[in-house]
Each structure stands twice: as C-alpha cells, then as structure tokens.
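Read off the chains here:
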Amino acid sequence: MRVGIGYDSHRFVDGRKLILGGVVIPHSRGLAGHSDADAVAHALTDAVLGAAGLGDIGTLFPDTDPRWEHVDSLQLLKAAYARVVTADHKFVQADITIIAEQPKIRPHVAAMRDKLAGALAAAPSAISVKAKTNEGMGWIGKGEGVAVIALAVLE
Ligand code: MG
C-alpha cells in the first residue's frame, strides 16, 4: 500500500464557471486558473501522483503550456493516473476535504464522486468527498477562494 497527499487552492474571480470535482456548481463566481481551475481534481491528482512517487501536477502539466489552457482537469487526472498504472500501481481509495465558505458543496458531492471515480476507473464508493467551511476565518472565511486536501491510497 502507498499513500499520497495533495493540496490545492484557487482564488474566486468573476466571469468564470465554478467547477469542482468535474461538476459545474451554480455560483456567482468561479475559480481563477490556467486550466478549468478544478481544485478538487488538482488536489486528487497530486495525491495519486504523490502515492506513486511520480512528482506533481505542475511538473506533468505546466501552466505555461498552452495545451493545458482551459483544459478539463478530469482529463489531467486521467492522464496522471495512466502514468501511475504504467508504474504498476492501482488506485484503491481517496478521501477529499473541500474547504469553502460558499457555495454549499454537499448537494454536489454524489456527482463529484461519480466524475472522479470515472477518471480513476474506480467505484464512486472508493472516493469520499467531504465539505467544510472555515468558520469565517482567514482568506477562505472571507470567501476569497477554495482549498482542497486529498489523500489517496494505491496498491
Ligand atoms: Mg490547481
């Protein structure tokens, strides 16, 4: 068994869709980023890569590369996982915590589990998605952005 951890954060901006875990979430603002800024997919990608000892998302898919501009981050997760499989590891389980003051994440959790599981050829039951606020504290509490922590287990 191998364990990896991933973290990501993105800033809220006007005029973009909010996409988390591959799901478009109705909200007044979206997240800034070179790709679709899906912080859930990015944190999970780093966790999976970390467990395999294969580096991180920024090394594999640099944000200076125009190929990754506005890209669907589930495709990045899928591509990263293909490398993990090539290195002889198999995804077992992930646990993800999303920290955001707004919007309410919980109604979208089931859809996120489906989308993320699809990218990892896993069952949705193998992917836990939890959501918390930051109790109004700091930059997350002020609604400046979203943070995500992900843990992944490979065998
Ligand atoms: Mg990111």
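Further up the page is the structure itself.
Residues numbered from 1 in each chain as written. Predicted model: local features only at pLDDT ≥ 70, side-chain atom pairs only at ≥ 80, totals over all residues. Heavy atoms only, no water.

Novice: Just give me the short version of a nonpolar patch on the surface, but keep the residues and values in it.
Specialist: Taken together, the side chains of I5, Y7, W139 and I149 define a hydrophobic patch exposed on the protein surface, amounting to about 410 Å² of accessible area. Tracing the backbone shows Y7 in strand 1 (residues 2–13). (Patch = residues over 30% accessible without salt bridge, like charges linked within 9 Å, V, L, I, M, F, W, Y side chains within 5 Å. Areas by Shrake-Rupley, 256 points an atom, 1.4 Å probe, with all protein chains shown as cover. Salt bridge = Lys/Arg side-chain N within 4 Å of Asp/Glu carboxyl O. Helix = DSSP H or I, 4+ residues; strand = E, 2+ residues; numbered from the N terminus.)

Novice: Can you break down the layout of surface pockets residue by residue, with the values?
Specialist: Looking at the largest pocket, its volume works out to about 230 Å³. Lining the largest pocket are 14 residues; nearest its centre among them are S35, H42, I57, F61 and D63. Elements with a minimum of two residues in the lining of the largest pocket: strand 1, helix 1 (39–52) and helix 2 (57–60). Counted by class, the lining of the largest pocket contains five nonpolar, six polar and three charged residues. The computed volume of the second largest pocket comes to approximately 160 Å³. As for the second largest pocket, its lining consists of A100, E101, Q102, P103, K104, I105, R106, A131, K132 and T133. For the lining of the second largest pocket, the residue count by class is four nonpolar, two polar and four charged. (1 Å grid on protein atoms, 1.4 Å probe; cavity = no way out; pocket = protein on both sides within 12 Å on 5 of 7 lines; lining within 4 Å. Points joined across faces, edges and corners; volume = space filled by probe spheres on them. Nonpolar A, V, L, I, M, F, W, Y, C, P; charged D, E, K, R; others polar.)

Novice: I'd love a proper account of the coordination of the magnesium ion, names of residues and values included.
Specialist: Ideal geometry at a metal centre gives angles of 109.5 degrees when four donors are arranged tetrahedrally and 90 or 180 degrees when six donors are arranged octahedrally. Taken together, the protein ligands of the magnesium ion are D8 (OD), H10 (NE2) and H42 (ND1), with distances of 2.1 to 2.2 Å. Taken in sequence order, the residues that donate to the magnesium ion follow the motif D-x1-H-x31-H. Of this pair, D8 sits in strand 1 while H42 sits in helix 1, and the two are 34 residues apart along the sequence. Assigned by exposure class, D8 and H42 land together as buried. (Donors = N, O, S within 2.8 Å, 3.2 Å for Na, K, Ca; no water. Buried < 20%, exposed > 50% of the residue type's maximum accessible area, 1.4 Å probe, protein only.)

Novice: Just give me the short version of the nonpolar core, but keep the residues and values in it.
Specialist: Within soluble globular proteins, side chains that are nonpolar generally end up buried alongside one another. Residues L20, L44, V48, F91, I96, I98 and L116 are the most contacted members of the largest nonpolar core, which totals 48 residues. Top contributing element to this core by residue count: helix 1, with ten residues. The residues contacting L44, other than those within four sequence positions of it, are L77, A94, I96, L116, L120 and A150. (Core = buried A, V, L, I, M, F, W, Y, C linked by side-chain atoms within 4.5 Å. Contact = heavy atoms within 4.5 Å.)

Novice: I'd like a rundown of the side chain of S35, residues and numbers included.
Specialist: With respect to the element layout, S35 can be found in the loop between strand 4 (30–31) and helix 1. A distance of 3.2 Å separates a polar atom in the side chain of S35 from a polar atom in the side chain of H42. Separated by 3.5 Å, the side chains of S35 and S73 make a polar contact. (Polar contact = N/O pair within 3.5 Å; in protein donor to acceptor, adjacent residues only side chain to side chain.)

Novice: Tell me what's going on with the pairing of strand 5 (residues 91–99), and back it up with residues and numbers.
Specialist: Note: strand 5 against strand 7 (residues 145–154), eight bridges, orientation antiparallel. By the bridge assignment, I96 is partnered in strand 7 with A150. Note that strand 5 and strand 6 (residues 127–132) share six bridges and pair parallel. Bridging from a neighbouring strand, I98 pairs with A131 of strand 6. The parallel pair strand 5 and strand 6 is bridged by helix 4 (residues 109–119), and the resulting crossover is right-handed. (Pairing = 2+ DSSP bridges. Right-handed = clockwise from strand over helix to strand, strands pointing away.)

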